[in-house]
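Tertiary structure, described
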There are 2 protein chains.
Amino acid sequence: MLQEIAEQPAVLENTIDAELEKVKKLGHFLRGREIDLIVLVARGSSDNAALFGRYLLEVTTGIPVSLSAPSVYTLYNAKLRLNRAVVIGVSQSGEGVDINQVLQSAKNSGAFTIGITNNSDSSMAKIADETLLIHAGREKSVAATKTYTGQMLHFYMLASALADEKIAFEKIPQFAAQSLDLQDEIKTLVERYTFMENCVVVGRGMNYGNAYELALKLMETCYVVAERFSSADFFHGPLAIVERRFPLILFAPAGATKTSSIDLLKRLQELHADSFSITNDAQIAELSSRRLLLPKDIEEFLSPIPFIIPAQLFAAYLAEAKGINPDEPRSLSKVTRTI
Amino acid sequence: MLQEIAEQPAVLENTIDAELEKVKKLGHFLRGREIDLIVLVARGSSDNAALFGRYLLEVTTGIPVSLSAPSVYTLYNAKLRLNRAVVIGVSQSGEGVDINQVLQSAKNSGAFTIGITNNSDSSMAKIADETLLIHAGREKSVAATKTYTGQMLHFYMLASALADEKIAFEKIPQFAAQSLDLQDEIKTLVERYTFMENCVVVGRGMNYGNAYELALKLMETCYVVAERFSSADFFHGPLAIVERRFPLILFAPAGATKTSSIDLLKRLQELHADSFSITNDAQIAELSSRRLLLPKDIEEFLSPIPFIIPAQLFAAYLAEAKGINPDEPRSLSKVTRTI
């Protein structure tokens, strides 16, 4: 897992080099069609990447996005009206049975289909009208890291190709490399969380998917019971469970979500609750019990990839501190064949 | 909370009597327009009702549904292409600031807007092109119960008015009354969970929203850390956190999700994990460590309301067993004003 985390700047760079022209052409083609809706279909970490993609695509392109409920197709055999939709399947292996079933069903309903996958020979690549490849090499760890950020990168390239304004995603590999510099600091920091059994992970907007992703990493590699929420939803109920022994981990970049992060951190201080922020804002860092500080010049729209990397390192080192091998989570397998 | 739970059969009956004609007319009007998309906007319990609404509407009408991310509008000021969309806000009080902001923005973008609320004088009722009222009377408990099922009922009436096939939702108030008969059994059952600190709540398809709703109830009224998952996603990571001391609560009706419930229960038995099912299927009941058995004649499509009522009772009695007043959760207020 640690090795695959470290490969990410190179994987991102390679993926841009190999795929950008294809994504630009695809964007040009799609802009010539009448598209009313983008549907994203995924499970697990890929679904967390899709949750990010949802915000990015809606905000930058103005096209409404729906995160698909695969059961609608696979259990209830619904045929949706998708003739003006683009349906994007996201799967590391390209072999998620239910995801591919949704893609096939959408294609039959007249949708244009795209697959984002790490495997060019997969069933997904055969079904989709167009395949966007992550150039990550084989991902051996059960915990997805480099394919998660590779999937996010494809959403950046696609959004940039569909939107009127370009997104400066070519800066991301460099930001990702800077995030890896926090490695030693994180290794020291995890000591404090060695016996943590529960936590809450919070993010909002562009970093909402990252909250789900870190929670999943903590569950699968550290057996920490990690709840995940939007800071907006957190005041609807879940706030009641916060206690001193129950740290709240926050993705809190400078930018649009800053006010809401600060409100939450102040409320946590009143409740004497423990907080840990991944941030690039001095005021947020100051209000947090613990923090990892990233470079100020990372704009919020570009923060999700550089912000998840310290979180991946945190999960990997915490597993080590807990005496667990993060590459072999109990009860899990790499490819999950849901039907 | 207990009193409001008990009022539900009457609230459901009254809401059908008062609103059905209006919903039928609305359905007729909407069937005459070209609708490509339904967007649902809500937070908290209302968002859990919307999660149910999403499955019901997609499966019965074939119109794709998107669960809105309010931040897209409120933090990032996105203007989405919604001229062929129906946007439905769901809010008990009708005063959720961000929900109303999304409704207003959608209306400005040319969407037809609907509000589902318990308050005819609310800001939501003033903004929406059409208001569907829950006839619940005032809901005093912070934990929503009768307005949650009232919102679900409106999705049934709306789906029935939009779909080609009718749905037999008029049976639901009677099923709801039968669910209340489990009261004494539940009061005894909660004893076993008095010192439960963590649990996982699982549901799928039509009962997926119920899994979120019970988890929220357990967090806000019992301070139990309740994770919520689809049984499909549960094999992607979260399964690793299941332990003997960590019960899994399952909404498991007979019907389309039965096979997946049985697979999960068998896997839990292998792991020696504890399970508690709300079910109307003998085989599922047999495979569970504990169960609440509902009438066999509740079809899966009609199960969500009769299945959430025993869960509401479970949360209310468990709070009592834990010595907590469920009507006054610490740190929470009834109306949450997110921006």
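Residues numbered from 1 in each chain as written. Chains lettered and ligands numbered in written order. Predicted model: local features only at pLDDT ≥ 70, side-chain atom pairs only at ≥ 80, totals over all residues. Heavy atoms only, no water.

Let's talk about the domain arrangement of chain A
A common measure of how large an interface is: the accessible area buried when the components associate. All names here are of chain A. Domains assigned within chain A are domain 1 (2–167) and domain 2 (173–321). The gap between the C-alpha centroids of domain 1 and domain 2 is 26 Å. At the interface, 26 residues of domain 1 touch 27 residues of domain 2. The contact between domain 1 and domain 2 buries some 2,200 Å² in all, and 76% of this surface belongs to carbon and sulfur atoms. (Domains from an automatic or database assignment. Contact = heavy atoms within 4.5 Å. Buried area = accessible area lost by both parts, 1.4 Å probe.)

Examining helix α5 (residues 97–108) of chain B
Residue and element names in this part refer to chain B. Its 12 residues give α5 an end-to-end C-alpha distance of 17 Å, which sits within 8% of 16 Å, the value for a rise of 1.5 Å per residue. By the burial criterion, the buried members of α5 are Asp98, Ile99, Asn100, Val102, Leu103, Ser105 and Ala106. Residues of α5 that are buried make contact with β1 (37–41), α4 (70–74), β3 (85–91), β4 (112–117) and α6 (123–127). Of the residues one or two after α5, glycine 110 is the one with positive phi, at around 95°. (Helix = DSSP H or I, 4+ residues; strand = E, 2+ residues; numbered from the N terminus. Expected span 1.5 Å × (residues − 1). Buried < 20%, exposed > 50% of the residue type's maximum accessible area, 1.4 Å probe, protein only.)

Things to note about the relation of the copies chain B and chain A
What relates the pair of chain copies is a rotation about an axis plus a shift along that axis. With an RMSD of 0.0 Å, the fit of chain B onto chain A corresponds to turning through 180° and sliding 0.0 Å along the axis. Taken together, the rotation angle and the small translation identify this as a two-fold axis. If distances are taken from each C-alpha of chain B to the rotation axis, the shortest is found for B:Ser66, at 2.2 Å. Of the interface residues in chain B, 100% have counterparts in chain A that sit at the interface too, so the contact is made through matching surfaces. (Least-squares fit on C-alpha atoms with pLDDT ≥ 70 in both.)

Observations regarding the sheet that holds strand β9 (residues 275–279) of chain A
Residue and element names in this part refer to chain A. If you walk across this open sheet you meet the five strands as β7-β6-β8-β9-β10, and the pairing is parallel. With partners counted over all chains shown, the strands left at the sheet margins are β7 (225–230) and β10 (290–293), one partner each. Taking each pair of neighbouring strands and ignoring which way they run, the sheet shows an average axis angle of 15°. Taken together, the four bridges between β9 and β10 define a ladder with parallel strand orientation. Its bridge partner lying in β10, threonine 279 is registered against leucine 293. In the packing of helix α12 (residues 258–270) onto the sheet, contacts are made with β6 (198–203), β8 (248–252) and β9, and the angle to β8 comes to roughly 160°. (Pairing = 2+ DSSP bridges. Axes fitted to C-alpha atoms, helices over the stretch in contact; angles between N-to-C directions.)

Digging into helix α7 (residues 146–162) of chain B
Spanning 17 residues, α7(B) covers 24 Å between terminal C-alpha atoms, matching the ideal 24 Å at 1.5 Å per step. Most of α7(B) is tucked away, with 17 of its 17 residues classed as buried.

Let's talk about the interface of chain B and chain A
Taken together, the contact pairs 70 residues of chain B with 70 residues of chain A. Buried area between chain B and chain A, both sides added, is near 5,700 Å², and the carbon and sulfur share of it is 55%. On inspection of chain B and its partner chain A, the count reaches four salt bridges. A:Asp36 is the salt-bridge partner of B:Arg84, the closest N and O atoms lying 3.1 Å from each other. Our enumeration of links across chain B and chain A arrives at 24 residue pairs in polar contact (both at pLDDT 80 or more). Only α3 (45–61), β2 (65–67), α4, α10 (208–222) and β7 (225–230) of chain B provide two or more residues apiece to the side of chain B that touches chain A. (Salt bridge = Lys/Arg side-chain N within 4 Å of Asp/Glu carboxyl O. Polar contact = N/O pair within 3.5 Å; in protein donor to acceptor, adjacent residues only side chain to side chain.)

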